[in-house]
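Below, each chain spelled out in residue letters.
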Amino acid sequence: MLDLLERVHRKLSLLPKRSEPWPEALGRALEAVKRAVEEEAPGLLQGVELPPEEVLLGDAERLRRGQGPEGEGYAFWLHQALRLVPWQEAGEEGRCPACGGFPDVGFLDEEGRRFYVCAFCDETWRAPRVACPYCGEGRADRVVFYAEDPFRIYVCRTCGERFVVQDLRLKPALDLPALRARAAWYAVAEEEDVEV
Ligand SMILES: [Zn+2]
Ligand SMILES: [Zn+2]
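You'll find the chain entered in an unreviewed UniProt entry as Formate dehydrogenase accessory protein FdhE, with Thermus caliditerrae given as the organism.

Structural data, given as structure tokens:
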């Protein structure tokens, strides 16, 4: 499963950005993502339906701000499509300085400083030492981590979300598709309640 997720993320990371105007760009991006996923993992998006355009565009706006829609397959599909659509808005605290998106993974640099990676444009920026990117929790006893070298899995006790980072002191090259596959794998494992 981890291998499959990694292949899918690697393939998706190679798709070109769209140049059509919004919302046509989103429609094209959704098609491109579906084709790429079907080639690597036939059936992964099987049975996943897109809502009417009005709902879809509302979901896209909310997902940009960190609120994923219901349905794991649909949320994944929409997220990956949005990565292909250029976007820019004022970055709030804790959000991407380039596009305003939220971070989905992170890393620790050679000096152990924490960085976020934008879920949409891959921009990186300095993160607080202790913070949950989902709910903003910043108390050290509420955001804990365990290490599975070279990864650290932060768990927020306030909102229950997990956040995976790669420790570059243990594995120097940042490999985003592998890191995102790992984050997706922990999310799936948590849902199915299996040991990871
Ligand atoms: Zn961004
Ligand atoms: Zn949280």
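1. As for the coordination of the zinc ion (ligand 2)
Note on metal geometry: ideal angles are 109.5 degrees for four donors arranged tetrahedrally and 90 or 180 degrees for six donors arranged octahedrally. Taken together, Cys132 (SG), Cys135 (SG), Cys156 (SG) and Cys159 (SG) make up the protein donors of the zinc ion (ligand 2), found 2.3 Å from the metal. One way to put it: the 4 donor atoms around the zinc ion (ligand 2) meet at angles of 105 to 114°, and that makes the site tetrahedral. Summarised as a motif, the one-chain spacing of the donors to the zinc ion (ligand 2) is C-x2-C-x20-C-x2-C. On the criterion of sequence distance, the pair formed by cysteine 135 in the loop between strand E3 (124-126) and strand E4 (143-148) and cysteine 156 in strand E5 (residues 151-156) is long-range, its members being 21 residues apart.

2. Topic: the pattern of salt bridges
If you walk through the whole model with that rule in mind, you get 18 salt bridges. Arginine 83 serves as the salt-bridge partner of aspartate 122, at 2.9 Å between the closest nitrogen and oxygen. Here aspartate 122 is found in the loop between strand E2 (114-118) and E3, whereas its partner arginine 83 is found in the loop between helix H4 (72-82) and strand E1 (103-108), with 39 residues between them in sequence. Across the pair arginine 180 and aspartate 122 runs a salt bridge, and its minimum N-O distance is 3.0 Å. With a gap of 58 residues between them, arginine 180 in helix H5 (residues 176-192) and aspartate 122 in the loop between E2 and E3 connect regions that are remote in the sequence. Residue class for arginine 180 comes out buried when judged on its relative accessible area of 7%. For aspartate 122, a relative accessible area of 30% translates into the label partly exposed. Via salt bridges that share partners, Arg7, Lys11, Glu39 and Glu40 belong to a single interconnected network.

3. Here we look at the side chain of glutamine 80
Along the polypeptide, glutamine 80 turns up in helix H4. Assessed through its relative accessible area of 6%, glutamine 80 is described here as buried. If we skip the residues at most four places from it in the chain, glutamine 80 touches His9, Leu12 and Val33.

4. Some remarks on unusual backbone geometry
The residue after tryptophan 22, namely proline 23, is reached through a cis peptide bond having omega 5°. With respect to the element layout, proline 23 can be found in the loop between helix H1 (2-12) and helix H2 (24-40). Positive phi is not limited to glycine here, since aspartate 122 has a value of about 70°.

5. Topic: the sheet that holds E2
Pairing in this open sheet of 6 strands is mixed, and the strands run E3-E2-E1-E6-E5-E4 from one edge to the other. Each edge of the open sheet is held by one strand with a lone partner, namely E3 and E4. Within this sheet the neighbouring strands show an average axis-to-axis angle of 30°, counted without direction. When E5 meets strand E6 (residues 162-167), the two strands line up antiparallel, connected through 5 bridges. Bridging from a neighbouring strand, isoleucine 153 pairs with valine 164 of E6.

Basis of the calculations
- Residues numbered from 1 in each chain as written.
- Chains lettered and ligands numbered in written order.
- Predicted model: local features only at pLDDT ≥ 70, side-chain atom pairs only at ≥ 80, totals over all residues.
- Heavy atoms only, no water.
- Donors = N, O, S within 2.8 Å, 3.2 Å for Na, K, Ca; no water.
- Tetrahedral: all angles 85-135°; square planar, octahedral: opposite > 155°, others 65-115°.
- Helix = DSSP H or I, 4+ residues; strand = E, 2+ residues; numbered from the N terminus.
- Salt bridge = Lys/Arg side-chain N within 4 Å of Asp/Glu carboxyl O.
- Buried < 20%, exposed > 50% of the residue type's maximum accessible area, 1.4 Å probe, protein only.
- Contact = heavy atoms within 4.5 Å.
- Pairing = 2+ DSSP bridges.
- Axes fitted to C-alpha atoms, helices over the stretch in contact; angles between N-to-C directions.

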